[in-house]
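Spelled out, the chains give:
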Amino acid sequence: YSGNLSVTNSTFTGNSVNFPGSGTSNGGAISFIGQGGIAGSFGVDINKNTFVNNTADGFGGAISANNSPNLSTSQIHFNRFYNNTSSASALSSGLHFVESDGSVNAENNWWGCNTNPVSGSSTSPCKQAGGDLTGGGSLDANPWLQLKVTSSPSTICSSTPSALGNTSTIIA
């Protein structure tokens, strides 16, 4: 069997997963599991999406990623994660990586702040990326997108009257 998942330019807002009586469920907006032992192909591309206010009663407030077959590296890029919650662990509020045989490349995503999304401690409003089980795969979320501001020119006021009224362009 073969299968591919491609999600692009979508917005996921206010979704939740809650499976009463079964323990916990993972992936408030998206959960994918590649079944081990498949002989075909398995590819995942989740790019240029927005995940806001999604919740899971387990791991992965926005996404739960399980790349069991290890046929390719799952790709998750240029997404925005903000204010997603995971009841099981704040360290996977944005992305839960099931540490299976396959890897997940989650580089170049915005995690709600400028700090490392897999730093091991979740600070609001950062929504972290992390795993919960041991396996042969890895999660790569470095580099991550950061909000930075620059101005040109950097100084618009000085002590001279000729500098009064000058303007500066701010780029974010």
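Residues numbered from 1 in each chain as written. Predicted model: local features only at pLDDT ≥ 70, side-chain atom pairs only at ≥ 80, totals over all residues. Heavy atoms only, no water.

Draft legend 1. Summary view of the overall build of the chain. Tallying secondary structure elements over the chain gives zero helices and 17 strands in all. Each of the 172 residues in the chain was classed as buried or not, and the buried ones make up 38%. A separation threshold of at least 6 residues defines the contact pool for the chain, and within that pool the share at least 24 residues apart is 78%. With the model as given, the accessible surface of the chain reaches about 8900 Å², and the carbon-plus-sulfur share is 51%. (Helix = DSSP H or I, 4+ residues; strand = E, 2+ residues; numbered from the N terminus. Buried < 20%, exposed > 50% of the residue type's maximum accessible area, 1.4 Å probe, protein only. Contact = heavy atoms within 4.5 Å. Areas by Shrake-Rupley, 256 points an atom, 1.4 Å probe, with all protein chains shown as cover.)

Draft legend 2. Spatial organisation of the pairing of strand S5 (residues 42-47). Here S5 lies mainly inside the structure; five of its six residues are buried. For strand S1 (residues 3-8) and S5, the ladder comprises six bridges, and the chain directions are parallel. Each residue of the ladder has a partner; that of threonine 8, found in S5, is asparagine 47. Bridge analysis of S5 against strand S9 (residues 74-77) gives three bridges, and the strand direction is parallel. Across the sheet, residue aspartate 45 finds its bridge partner in S9, namely glutamine 75. (Pairing = 2+ DSSP bridges.)

Draft legend 3. Region of the structure containing the sheet that holds strand S2 (residues 11-13). As summarised here, the arrangement of the three strands in space is S2-S6-S10, forming an open sheet in which the pairing is parallel. The open sheet is flanked by S2 and strand S10 (80-82), the only strands paired with a single partner. The mean inter-strand angle of the sheet, taken between neighbouring strand axes irrespective of direction, is 5°. When S2 meets strand S6 (residues 50-52), the two strands line up parallel, connected through three bridges. Counted as the bridge partner of threonine 13 is valine 52 from S6. (Axes fitted to C-alpha atoms, helices over the stretch in contact; angles between N-to-C directions.)

Draft legend 4. Seen up close, the environment of alanine 62. Note that alanine 62 resides in the loop between strand S7 (55-56) and strand S8 (63-66). According to the relative accessible area criterion, alanine 62 is buried, its value standing at 0%. Put simply, alanine 62 and serine 93 are 31 residues apart on the chain and 6.7 Å apart in space, counted from C-alpha to C-alpha. With near-sequence residues (within four places) excluded, alanine 62 lies in contact with Gly27, Gly28, Ala29, Ile30, Phe51, Asn54, Phe81, Asn84, Ser93 and Gly94.

Draft legend 5. Broad picture of the sheet that holds S8. Spatial ordering of the open sheet is given by S4-S8-S12-S14, a layout of four strands whose pairing is parallel. Taken across any chain shown, the strands that pair with only one partner, and hence form the sheet edges, are strand S4 (30-33) and strand S14 (129-131). The average angle at which neighbouring strand axes cross in this sheet is 15°, direction not considered. Relative to S8, S4 runs parallel, the two being bridged by four bridges. In the sheet register, serine 31 faces S8, and the bridge partner there is serine 64.

Draft legend 6. Layout of the nonpolar core. Core analysis: the biggest nonpolar cluster contains 21 residues, and Phe32, Ile46, Phe51, Ile63, Ile76 and Leu95 have the highest contact counts within it. Put simply, the parts of the chain that give this core at least two residues each are S4, S5, S8 and strand S12 (95-98). If one sorts the elements of this core by residue count, S5 sits on top with three residues. Excluding residues that lie within four positions of it along the chain, isoleucine 63 makes contacts with Gly27, Ile30, Phe32, Ile46, Phe51, Ile76, Phe81, Gly94, Leu95 and His96. (Core = buried A, V, L, I, M, F, W, Y, C linked by side-chain atoms within 4.5 Å.)

Draft legend 7. Region of interest: the environment of aspartate 57. By secondary structure assignment, the location of aspartate 57 is in the loop between S7 and S8. The exposure class assigned to aspartate 57 is buried, which follows from its relative accessible area of 17%. Measuring from C-alpha to C-alpha, the distance between aspartate 57 and serine 86 comes to 6.2 Å, with 29 residues separating the pair along the chain. At 2.7 Å, the side chain of aspartate 57 and the backbone nitrogen of serine 25 are in polar contact. (Polar contact = N/O pair within 3.5 Å; in protein donor to acceptor, adjacent residues only side chain to side chain.)

Everything listed here is a matter of coordinates, which is why it stays silent on function.
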